[in-house]
Amino acid sequence: MKRKLSSLSIALFLTSSTLMAQDQECSILTASDIQTITGTSVVKIPFGSKIGAGGQCANYAYAEGDQKLYLGVNQIRSVSEYSNTLDHVPQAVYPKREKLTDLGDEAVLMKDASGSMRYLVARKGNKGVVLFPFRNKKNPSLDPSDEQLKKLAEIALSR
């Protein structure tokens, strides 16, 4: 009984710690950073509050209108986590993969066959970032460009 109780206590502690961390501002990329680079006003929304809001560091949505998702952010904390992240991105979903030599120590920009769905994974030293922008089907011109994603990744890698 004591073992079950201590396991439950640990699980509750980890869950509450994760939820508290998700409520705080993402330390590697803020709403202000995104607005500065893209010109788009965004707000942070809670993890899991919308379908697709799976960024463990942050999920940003358009500040205007019905707050459609704009960008998800995951933080990487080791070289092995970077490699593991790349290994788990399905080639069938993101068949186009471009190694970026001008971003951090390693970086890959992945795209679907149409080039509209993108996933950027970058690392500098033992820290890294994953950026996954959401498509704005009504107005694709509002989506962050590849260059803007690279600039956002540079900011994240500098912190």
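Going along each chain's sequence as written, the residues are numbered from 1 onward. Residue-level local features of this predicted model are given only where pLDDT is at least 70; pairs of side-chain atoms are given and counted only at 80 or more, and the full residue set underlies all totals for whole chains, interfaces and linings. Hydrogens and water are ignored here; the side-chain numbers use all heavy atoms of the structure.

Draft legend 1. Representation of the sheet that holds strand β5 (residues 106-111) in the model. Strands pair, by our definition, only if DSSP identifies at least two bridges between them. Put simply, DSSP marks the helices as runs of H or I at least four residues long and the strands as runs of E at least two long, and each gets a number from the N terminus on. Spatially, the seven strands line up as an open sheet ordered β1-β2-β3-β7-β6-β5-β4, and their pairing is antiparallel. Strands at the two margins of the open sheet, each flanked by one partner only, are β1 (42-45) and β4 (96-99). With strand direction ignored, the average angle separating the axes of adjacent strands in the sheet is 20°. Alignment of β5 against strand β6 (residues 118-124), held across six bridges, turns out to be antiparallel. Looking across to β6, one finds that Met 110 is bridged to Tyr 119. Note on method: axes are straight lines fitted to C-alpha atoms, helices fitted across the in-contact stretch only, with angles between N-to-C directions ranging 0 to 180 degrees.

Draft legend 2. Looking closely at the packing of aromatic side chains. Only Phe, Tyr and Trp rings take part, Trp by its six-membered ring, and two of them pair if their centres are within 6.5 Å. Stacked means planes under 30 degrees apart, edge-to-face means over 60, and tilted covers everything else. Taken as a whole, this structure holds four aromatic pairs when the rule is applied. With centroids separated by 6.0 Å and ring planes inclined at 25°, the aromatic side chains of Tyr 119 and Phe 132 adopt a geometry described as stacked. Here the residue Tyr 119 occupies a position in strand β6, and Phe 132 occupies one in strand β7 (residues 127-133), the gap between them amounting to 13 residues. The same class applies to Tyr 119 as to Phe 132, namely buried. A ring pair is formed by Phe 132 and Phe 134, whose centres lie 5.8 Å apart and whose planes are at 70°; its orientation type is edge-to-face. For the pair shown, Phe 132 and Phe 134 are each scored as buried. Between buried and exposed lies partly exposed: a residue is buried under 20% and exposed over 50% of the maximum accessible area for its type, with that area taken using a 1.4 Å probe on protein chains only.

Draft legend 3. Molecular detail of unusual backbone geometry. Of note, the phi angle at Gln 67 is positive, near 50°, even though the residue is not glycine. By secondary structure assignment, the location of Gln 67 is in the loop between β2 (58-62) and β3 (69-76). Take Gln 67: its relative accessible area is 29%, and that puts it in the partly exposed class.

Draft legend 4. The packing of helix α2 (residues 31-38) against helix α4 (residues 146-157), seen in detail. Packing of α2 against α4 brings their axes to within 10 Å, and their N-to-C directions diverge by 145°. As for the relative orientation of α2 and α4, their crossing is right-handed in sense. On the side of α2, the interface is formed by Asp 33, Ile 34, Ile 37 and Thr 38, while α4 contributes Gln 148, Lys 151, Leu 152 and Ile 155. Charged means Asp, Glu, Lys or Arg here, nonpolar means Ala, Val, Leu, Ile, Met, Phe, Trp, Tyr, Cys or Pro, and polar covers whatever is left, Gly included. When its residues are assigned to classes, the contact of α2 with α4 shows four nonpolar, two polar and two charged. Crossings are classed by handedness, with left-handed meaning an anticlockwise turn of the near helix from the far one by less than a right angle and right-handed meaning a clockwise turn. Whether two residues touch is decided by their heavy atoms; if any such pair falls within 4.5 Å, the residues are in contact.

Draft legend 5. Up close: the state of the cysteines. By convention in this document, the label disulfide applies to cysteine sulfur atom pairs within 2.5 Å. Under the defined criterion, the tally for this structure stands at one disulfide. Between the sulfur atoms of Cys 26 and its disulfide mate Cys 57 the distance is 2.0 Å. A torsion of 95° about the S-S bond marks the disulfide between Cys 26 and Cys 57 as right-handed. Separated by 31 residues along the polypeptide, Cys 26 in the loop between α1 (2-23) and α2 and Cys 57 in the loop between β1 and β2 bring together distant segments of the chain. Overall, the relative accessible area of 2% leaves Cys 26 in the buried class. For Cys 57, a relative accessible area of 11% translates into the label buried.

Draft legend 6. Looking closely at the pattern of salt bridges. Basic side-chain nitrogens of Lys or Arg form a salt bridge, by our definition, when they fall within 4 Å of a carboxyl oxygen of Asp or Glu. Inspection of every chain in the model, using the stated rule, returns seven salt bridges. Lys 68 serves as the salt-bridge partner of Asp 66, at 3.8 Å between the closest nitrogen and oxygen. Residue Asp 66 is classed as exposed on the basis of its relative accessible area of 52%. The partly exposed category is assigned to Lys 68, whose relative accessible area is 41%. Linked through salt bridges whose partners overlap, the residues forming this network are Asp 105, Glu 106 and Arg 123.

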